[in-house]
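Single-letter residue listing:
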Amino acid sequence: MADAKPTLPAPLVEALRRVRSAGVITGAGVSAESGVPTYRGKGGLYEEDESRIEALTGTTLRSDPDRTWRAVGDLARHAAGAVPNAAHFAIAEIERKVARFVLLTQNVDGLHQAAGSRNVIDIHGSITRTRCMACGAEGELSREELEAIHAAPRCAGCGGTLRPAAVLFGEMLPVEKVARMQRELLDDPPELVLVVGTSALFPYIVEPVLVARRARRLTVEVNPEPTVLSPVVGWFLEGSAAALVPEIAREIG
Ligand code: NAD
Ligand code: ZN
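Computed from a prediction, not measured in an experiment: that's the story for all the values here.

Undergrad: What is the right way to look at the overall build of the protein chain in this model?
TA: Each helix and strand counted, the protein chain has 11 helices and nine strands in total. Radius of gyration (C-alpha) of the protein chain: 19 Å, near the 18 Å computed for a compact globule of 253 residues. Structurally, the protein chain occupies a C-alpha span of about 60 × 45 × 30 Å along its principal axes. By residue count, 51% of the 253 residues in the protein chain fall in the buried class. A distance of 5 Å separates the average location of the 28 positive side-chain charges in the protein chain from that of its 32 negative side-chain charges.

Structural data, given as structure tokens:
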């Protein structure tokens, strides 16, 4: 059988070969092929059950932390055993090929770091890290502990209730990560801005792409379904992350 690999448009390939700096922006879709369900889009967890969103808000955390932790445990159980896929590895490869690189991810699954990405702004934090709501002590849960969680865990030091060190719906973004985003993506946009697998519902995900486009940088989106960004980017590539991102990585530099 003939080679079934997708081929990128020739003008895009030519532009990718000149790229010396890159910013990659990812959402849950990059982990879909690792078996981690997305929130929205086909098969998304919230397409099935909107009440999950409510469980993962700052308001629910304060009134009913057990409910928030049950939802976090659910997410962890959905992601159980997931390992990085070809898209995560290709993004780590892009980082090794260019002089300047930043990865802005909304994912809390740690798969980018596991694939070898280094300069990562995990804007929503990580669900394995915890913070005590009483004394502020930080801690870490193993994947096994997380998958077993059905109620809010307690602080070993003071007995207070722990929270996930992740940004819940309706909560503020960590200021130091926003500042890094500003410095590394907005002040002087990288030559390539590649956005993968995000429904792009948050303004801080859309903005770096708009800024890059206005600065006439190369902008590329990979998603099986069009988003608000699709008409904005220079190249909207309709398809899956694991199929297309390795193609892009191969042509860079
Ligand atoms: P989302 O669930 O809102 O959107 C997922 C997007 O990925 C959709 O646009 C969908 O079309 C696309 N997609 C589906 N399969 C794909 C594939 N194989 N290749 C490429 N794209 C694919 O996710 P989001 O935009 O990241 O949004 C919001 C929130 O979801 C974030 O707050 C994030 O923290 C959280 N989240 C994280 C994880 C994770 O860590 N893996 C999982 C679910 C949700
Ligand atoms: Zn404590």
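Undergrad: Looking at this model, I keep getting lost on the coordination of the zinc ion (ligand 2). Mind explaining?
TA: Each donor-metal-donor angle in an ideal tetrahedron of four donors is 109.5 degrees, and each such angle in an ideal octahedron of six donors is either 90 or 180 degrees. Protein ligation of the zinc ion (ligand 2) involves Cys 132 (SG), Cys 135 (SG), Cys 155 (SG) and Cys 158 (SG), the donor distances falling in the range 2.3 to 2.4 Å. Here the zinc ion (ligand 2) is ringed by four donor atoms whose angles at the metal span 101 to 116°, and the overall shape comes out tetrahedral. Sequence spacing of the donors to the zinc ion (ligand 2): C-x2-C-x19-C-x2-C. Taken together, the residues span a long stretch of sequence, with Cys 132 in strand β4 (residues 125-132) and Cys 155 in the loop between α8 (143-147) and β6 (162-166) at a distance of 23 residues. By relative accessible area, Cys 132 is classed as buried at 4%.

Undergrad: Hey, could you run me through the pairing of strand β8 (residues 218-223) in this one?
TA: Here β8 lies mainly inside the structure; six of its six residues are buried. Relative to β8, strand β7 (residues 192-196) runs parallel, the two sharing five bridges. Paired with Leu 192 across the strands is Leu 218, a residue of β8. Assessed by its sense of winding, the connection that carries the chain from β7 through helix α10 (residues 203-214) to β8 is right-handed. Alignment of β8 against strand β9 (residues 235-238), held across four bridges, turns out to be parallel. Of the residues in β9, the one forming a bridge with Asn 223 is Glu 238.

Undergrad: How do you make sense of the site of ligand 1 when you look at a structure like this?
TA: What surrounds ligand 1 is a group of 25 residues, the closest being Tyr 39, Gln 106, Asp 109, Thr 198 and Ser 199. Gln 106 is positioned such that a nitrogen or oxygen atom in its backbone is 2.5 Å from an oxygen atom of ligand 1. In isolation ligand 1 exposes 850 Å². Once the protein is present, 93% of that is buried. Class assignment for the residues of the shell around ligand 1 results in nine nonpolar, 12 polar and four charged.

Undergrad: Would you mind going over the domain arrangement of the protein chain with me for this structure?
TA: By a frequent convention, interface size equals the accessible area lost on bringing the separate parts together. Here the domain parsing of the protein chain yields domain 1 (1-36 + 83-124 + 173-253) and domain 2 (37-78 + 126-166). One C-alpha centre belongs to domain 1, the other to domain 2; they are set 27 Å apart. Residue-level contacts link 13 residues of domain 1 with 11 residues of domain 2. Between domain 1 and domain 2 lies a buried interface of about 870 Å² when both sides are counted; carbon and sulfur atoms form 53% of it. A per-residue breakdown of the area domain 1 buries against domain 2 is headed by Val 36, Val 108 and Glu 225, which together make up 45% of the total. Where domain 1 touches domain 2, the interface holds zero salt bridges. Of the residues that constitute the side of domain 1 that touches domain 2, the class distribution is six nonpolar, four polar and three charged.

Undergrad: Just checking my understanding: could you explain the sheet that holds β6 for this structure?
TA: Sheet strands line up and pair through hydrogen bonds in the backbone, either parallel or antiparallel. With respect to topology, three strands assemble into an open sheet ordered β5-β4-β6, the strand pairing being antiparallel. At either margin of the open sheet sits one strand with a lone partner, and together these are β5 (138-140) and β6. Recorded for the sheet is a direction-independent mean angle of 40° between the axes of neighbouring strands. Contacts from helix α5 (residues 65-78) reach β4 and β6, with the element oriented near 50° to β6.

The rules behind the values
- Per chain, residues are indexed from 1 in the order of the written sequence.
- Naming scheme: in the order in which they are written, chains are lettered from A and ligands are numbered from 1.
- With pLDDT at 70 or above as the cut-off, local features in this predicted model cover only qualifying residues; side-chain atom pairs require 80 or more to be listed or tallied, and sums for whole chains, interfaces and linings still use all residues.
- The side-chain figures draw on all heavy atoms in the structure; neither hydrogens nor water molecules are used.
- The way it works is that DSSP assigns letters per residue, a run of H or I at least four long becomes a helix, a run of E at least two long becomes a strand, and they are numbered from the N terminus.
- The reference for a compact globule is 2.2 Å times residues^0.38; the radius of gyration itself is calculated from the C-alpha atoms.
- Here the term buried applies to any residue with accessible area under 20% of the maximum for its type, exposed to any over 50%, and partly exposed to those in between, with areas from a 1.4 Å probe on protein chains only.
- As used throughout, the charge tally considers Lys and Arg to be positive and Asp and Glu to be negative, leaving His and the chain termini uncounted.
- By convention, the point assigned to a charge is CZ for Arg, NZ for Lys, CD for Glu and CG for Asp.
- Because water is not among the atoms used, a metal site may look incomplete, as its donors are only the N, O and S atoms within 2.8 Å, or 3.2 Å for Na, K and Ca.
- Donor angles set the geometry label: tetrahedral for four donors if every angle is between 85 and 135 degrees, square planar for four and octahedral for six if opposite donors exceed 155 degrees and the others are between 65 and 115, irregular for anything else.
- In this scheme, strands are said to pair when DSSP sees at least two bridges between them.
- With its strands directed away from the observer, a crossover is right-handed exactly when the path from the first strand over the helix to the second travels clockwise.
- Think of it this way: one heavy atom of a residue within 4 Å of a molecule or strand is enough to make that residue near it.
- Nitrogen and oxygen atoms within 3.5 Å of one another constitute a polar contact, given that in protein one can donate a hydrogen and the other can accept it, and given that sequence-neighbouring residues count only through two side-chain atoms.
- Working definition of accessibility: Shrake-Rupley area with a 1.4 Å probe, residue cover restricted to the visible protein chains.
- Each residue gets one label: Ala, Val, Leu, Ile, Met, Phe, Trp, Tyr, Cys and Pro are nonpolar, Asp, Glu, Lys and Arg are charged, and the others, such as Gly, are polar.
- The start and end points of each domain follow an automatic or database-based domain assignment.
- We call two residues in contact when some of their heavy atoms are within 4.5 Å.
- The term buried area refers to how much accessible surface (probe radius 1.4 Å) is lost by two components on association, counted for both of them together.
- By salt bridge we mean one thing: a side-chain nitrogen of Lys or Arg within 4 Å of a carboxyl oxygen of Asp or Glu.
- To get an axis, a line is fitted to the C-alpha atoms, and for a helix only the part in contact is used. The angle between two axes follows their N-to-C directions and goes from 0 to 180 degrees.

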